[in-house]
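Residue strings, one per chain:
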Amino acid sequence: DAKTTQPPSMDCAEGRAANLPCNHSTISGNEYVYWYRQIHSQGPQYIIHGLKNNETNEMASLIITEDRKSSTLILPHATLRDTAVYYCIVRAAKAAGNKLTFGGGTRVLVKP
Amino acid sequence: DTAVSQTPKYLVTQMGNDKSIKCEQNLGHDTMYWYKQDSKKFLKIMFSYNNKELIINETVPNRFSPKSPDKAHLNLHINSLELGDSAVYFCASSQVGQGPYEQYFGPGTRLTVT
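Reading guide: rules and limits
- Residues numbered from 1 in each chain as written.
- Chains lettered and ligands numbered in written order.
- Predicted model: local features only at pLDDT ≥ 70, side-chain atom pairs only at ≥ 80, totals over all residues.
- Heavy atoms only, no water.
- Helix = DSSP H or I, 4+ residues; strand = E, 2+ residues; numbered from the N terminus.
- Rg over C-alpha atoms; globule rule 2.2 N^0.38 Å.
- Buried < 20%, exposed > 50% of the residue type's maximum accessible area, 1.4 Å probe, protein only.
- Phe/Tyr/Trp six-rings, centres within 6.5 Å; stacked < 30°, edge-to-face > 60°.
- Pairing = 2+ DSSP bridges.
- Polar contact = N/O pair within 3.5 Å; in protein donor to acceptor, adjacent residues only side chain to side chain.
- Contact = heavy atoms within 4.5 Å.
- Core = buried A, V, L, I, M, F, W, Y, C linked by side-chain atoms within 4.5 Å.

**Observations regarding the overall build of chain A**
Looking only at helices and strands, chain A features zero helices and nine strands. Seen in sequence order, chain A has helices and strands lined up from the N terminus as β-β-β-β-β-β-β-β-β. Taken over the C-alpha trace, chain A has a radius of gyration of 13 Å; the compact-globule value for 112 residues is 13 Å, and the two agree within 12%. Along the three orthogonal principal directions, the C-alpha set of chain A runs to about 40 × 30 × 25 Å. Each of the 112 residues in chain A was classed as buried or not, and the buried ones make up 47%.

Laid out in structure tokens, this is it:
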């Protein structure tokens, strides 16, 4: 699985958009970009995933650059409940054992 | 309805004891996992089971033995507990097939070995 690089932490104002970057310069053609988050003391929660195209769901938007070497998770209107550690993971759809390899993630603090 | 449930939520025990953590999923998924999150907050895969068959064992000591009685359950039994086993253990499940299916995680079991 390709390695990802994320900033260790970032602050965001409540009600504003939060843009979380992720670098994955060694991504392969068959690897997807996944985002999960972990709110304090809870299990990780799936947010969104994408291959090439930008994706949007009820939680967030995922913007993937044309060369696929980086992506941005966008929380359109951050709330205090979005305070969490956000993990960017790159993995093939049928990776061996289907395991997720978590890095350090980005600790996002949403401030009032 | 809880999708992935674990019991117990907290487990405090002494070194040398044997303990089990149970996991159940009601999502109809065919693959289940155990992850460990240590004190430094790194999440690491331990085991992966697909249709009750072991797929991944990520260099986990033999003291850890997962057991999958059916597709909806994956229990983790730990023998001769050590201080270093203290961590939060998360169970997860997913469907594995042609698509890049997401994993659903349980609430975690915080194990403290004294």
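**Looking at the packing of aromatic side chains**
Scanning the entire structure with this criterion turns up ten aromatic pairs over all chains. Relative to phenylalanine 102 of chain A, the ring of tyrosine 36 of chain A lies with its centre 6.2 Å away and its plane at 70°, an arrangement referred to as edge-to-face. A residue pair is termed long-range when its members are at least 10 positions apart, and tyrosine 36 of chain A in strand β3 (residues 31-38) and phenylalanine 102 of chain A in the loop between β8 (84-92) and β9 (106-111) qualify at 66 residues. Residue classification places phenylalanine 102 of chain A among the buried positions, given a relative accessible area of 8%. Taken together, the ring pairs in this structure connect Tyr36, Tyr46, Tyr87 and Phe102 of chain A together with Tyr33, Tyr35 and Phe105 of chain B into an aromatic cluster.

**Points about the pairing of strand β6 (residues 53-57) of chain B**
Within a regular beta strand, the side chains point alternately toward one face of the sheet and then the other, so they alternate between its two faces. Residues and elements named next belong to chain B. Sheet topology note: the strand β5 (residues 43-50)/β6 ladder contains four bridges and is antiparallel. Bridge pairing links asparagine 50 to glutamate 53 in β6. Taken together, β5 and the strand that follows it, β6, pair antiparallel across an intervening segment of two residues, in which asparagine 51 is found at a positive phi of about 50°.

**Let's talk about the side chain of arginine 63 of chain B**
All names here are of chain B. For arginine 63, the position within the fold is in the loop between β6 and β7 (64-70). What makes arginine 63 buried here is its relative accessible area of 16%. Polar side-chain contacts of arginine 63 include one of 3.2 Å to the backbone oxygen of serine 80. Here the side chain of arginine 63 touches glutamate 82 through a polar contact of 3.4 Å, side chain to side chain. For arginine 63, the residues in contact, after removing those within four places along its chain, are His77, Ile78, Asn79, Ser80, Leu81, Glu82 and Asp85.

**Comments concerning the nonpolar core**
Nonpolar side chains tend to gather and get buried jointly when the protein is soluble and globular. Residues and elements named next belong to chain A. Counting 21 residues, the largest nonpolar core has Leu20, Val33, Trp35, Ile47, Leu73 and Tyr86 as its most contacted members. Ranked by the residues each element gives to this core, the list is headed by β8, at four residues. When near neighbours in sequence (up to four residues on either side) are disregarded, valine 33 contacts His24, Ile27, Ile48, His49, Gly50, Leu62, Ile64, Ser71, Cys88, Ile89 and Val90.

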